Structure formats: structure tokens, C-alpha cells
Amino acid sequence: MSNCSTSSKPCCQQTQLQTEKSVRSVTRPRTDIHETESAYVIQADMPGVDESSAQVSFEKNVLTISGEPQFNAPEGFESVYHESSARYFERSFRLNEQVNPQELKATVSRGVLTVVIPKAEELRRVQIPIQAG
Amino acid sequence: MLNAFAYSKPNRALGTFQRLQDELNASLVEFRNGLMATQGSPSLNVWQKEGVYLIRLELAGVEEDSVKLETFKNELKISGERQLNHTGTDQTGIEVIKSERHSGAIERQLQFPFHIDSSKTHASLKNGILEIHLSPVAELGPTQIRIEGQKPVEDSAAKSN
């Protein structure tokens, strides 16, 4: 698995084009990736994003996560001080191995998006029993 | 016609330059926010309406029980701790491929130009956003203290009328 944004793969070019077209700044969510025996787990910080505003898509071995949290203050409130503007989170990951998109699981909890990518059976580690010779 | 042509070019170039400058500014702000967040200082925004202040702080993955809010005079202190839990899978054989998310202590202190009324301050944590509503202590105007034996102010005002 490689991070798409560090390579010059076609998926990144596509992302940049989309950004320019819609003229909004894209925030790359800070992400942890872990590997277990049976799956890869991606966890991305996307504060303010819930299950209705998060999107996970998978195409040609590129996993794209995105989300747009509600930013505006309630009616009548005026900005006094701001450090961050309206956010649009997006990040793409290229997966090296064959993955069945039907088996991907995505959940959002407390503004953290978690995607579990199960490994294919043939890629899982197998313990081979050793017999006395 | 010539003028329109002659002026359109530099304007377009300026527009491009402005766009580049905006993108550079946005990326620098983003970089600063990211750096602050990794130092345990999440970014926040403040809004105001008729004396009520609304503060929103980005606290993704933080539970309610691990956040503490304190007010003292004109200061608001938000502190807490973020612990990363790698849920959603069996925990066996976890190997880190990428680790960018901050864990550990979080702290921000805000100073307001008024004393905070803690009884009117309330907060909620939803979808990783901490939302705080706070109000200033009601302004106390000048008050007159009556000396013992002195007639009430209302009476003297009525007499003069």
C-alpha cells in the first residue's frame, strides 16, 4: 500500500484537477494506517464529519476518502476569530494488492473515519506445522 | 478594442497571481494548523452574537470524559487527552505503516476582554467538534450607596419634579 499523494500516479493528478475545478481548498486528513494479520486499517481525523457527510470510494485499486463537515455558525453569528476556514477533507490511497470492494468496511465515530480493508485469503500469513523428523 | 485587448492581459495575469497567492496562504494556514494540532493545540474558531460567544474546537477522536473545561475570570482553559484506539479489527499483529495522528495531552487557553459567566457557559462534543457557548458576566453600572438616614433617591427625584 502506498500513499498516493507522495507519488505521481494518475489518481493524484485527477484529484488536483477536481480541486481546481471546484475552487475549494482541500485538507488532507491526518491518517494512521495499520496492518494486522487479516486486514489493513485506515483511520483519518476528519472533525465534524458524520456518516451522512463522509464518502469512501474505491476505483482501480485507489481508495478515496472524503468528507465535508458543516462549518457555518448559526444564523446571525459573526466571525470574531478564526484559525481554520471551511474544510473539505480528501485523500487517496493506492492499494497494491487485489481487494474485493464489497468487503471494505467504513465507519465514522467522533469525527474519525475508519476503513477496514480485509486482505485476500491467499495473502494472509499461514502457520505451517512442523513435524518431528 | 485595442485598449480592451491591452488591458485584459495584465488583469488575467494578476488574477492568476492572486489565485496563486490565495492558494499559498491557504496552504500555509493549513500547515500551521497541522503543526499546532500535532503539538496538542487544535485549531478553533470563534463567533459572536449579541454578547454570546460560540467557540468550536476540532477534537477528533476525543471522548467527553477526557476533556476538561475551566473558566477563571476572563480565561477559558480547555484541556484533555487523546488516546488513539485502533478499533474495527482484531488487535493481533498490528504493524504501523503510517502514523500521523497526534495522541497525548491537548491544551488551549483563551482570554476574553470580559469576565466569563460560568453559569451561562455550556459545551457539547459532537462528531469530533467541541462547541462551547459562553456569555460575559452582566455589566454592572455605577451604583449609588445610600447613607443611613438619607432619603431614598426616588423620593428626592419626585420632590424636585
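Residues numbered from 1 in each chain as written. Chains lettered and ligands numbered in written order. Predicted model: local features only at pLDDT ≥ 70, side-chain atom pairs only at ≥ 80, totals over all residues. Heavy atoms only, no water.

Caption draft 1: Spotlight on the overall build of chain A. When helices and strands are tallied, chain A shows one helix and nine strands. When the helices and strands of chain A are placed in sequence order, the string is β-α-β-β-β-β-β-β-β-β. If you take every contact in chain A between residues at least 6 apart in sequence, the share linking residues at least 24 apart comes to 64%. Roughly 7900 Å² of accessible area belongs to chain A as shown, and the carbon and sulfur atoms make up 47% of that amount. (Helix = DSSP H or I, 4+ residues; strand = E, 2+ residues; numbered from the N terminus. Contact = heavy atoms within 4.5 Å. Areas by Shrake-Rupley, 256 points an atom, 1.4 Å probe, with all protein chains shown as cover.)

Caption draft 2: Molecular detail of the interface of chain A and chain B. With 44 residues of chain A at the interface, the matching set in chain B holds 50 residues. Of the roughly 4000 Å² buried where chain A meets chain B, counting both sides, 49% is carbon and sulfur surface. On inspection of chain A and its partner chain B, the count reaches eight salt bridges. With a shortest N-O distance of 2.8 Å, B:Arg108 and A:Glu83 are connected by a salt bridge. At the boundary of chain A with chain B, the tally comes to 27 residue pairs in polar contact (both at pLDDT 80 or more). (Buried area = accessible area lost by both parts, 1.4 Å probe. Salt bridge = Lys/Arg side-chain N within 4 Å of Asp/Glu carboxyl O. Polar contact = N/O pair within 3.5 Å; in protein donor to acceptor, adjacent residues only side chain to side chain.)

Caption draft 3: View of the pairing of strand E3 (residues 67-72) of chain B. All names here are of chain B. As judged from the six bridges shared by E3 and strand E4 (residues 75-82), these two strands associate in the antiparallel manner. The residue bridging Leu69 from the neighbouring strand is Ile78, located in E4. Between E3 and E4, which pair antiparallel one after the other, the connecting turn spans two residues, and Lys73 there sits at a positive phi close to 50°. (Pairing = 2+ DSSP bridges.)

Caption draft 4: Just the nonpolar core, in detail. In terms of nonpolar packing, the biggest core is built from 19 residues, with B:Ile55, B:Leu59, B:Leu76, B:Phe112, B:Leu130 and B:Leu134 touching the most fellow members. Secondary structure elements with two or more residues in this core: strand E1 (44-49), strand E2 (52-58), E4, strand E6 (104-111), strand E7 (116-126) and strand E8 (129-136) of chain B. Non-local contacts of B:Ile55, meaning those with residues more than four positions away in its chain, are made with B:Asn45, B:Val46, B:Leu76, B:Leu110, B:Phe112, B:Leu130, B:Glu131, B:Ile132 and B:Leu134. Judged by nonpolar contacts, the second largest core, of 17 residues, contains A:Tyr40, A:Val49, A:Val99 and A:Val115. (Core = buried A, V, L, I, M, F, W, Y, C linked by side-chain atoms within 4.5 Å. Buried < 20%, exposed > 50% of the residue type's maximum accessible area, 1.4 Å probe, protein only.)

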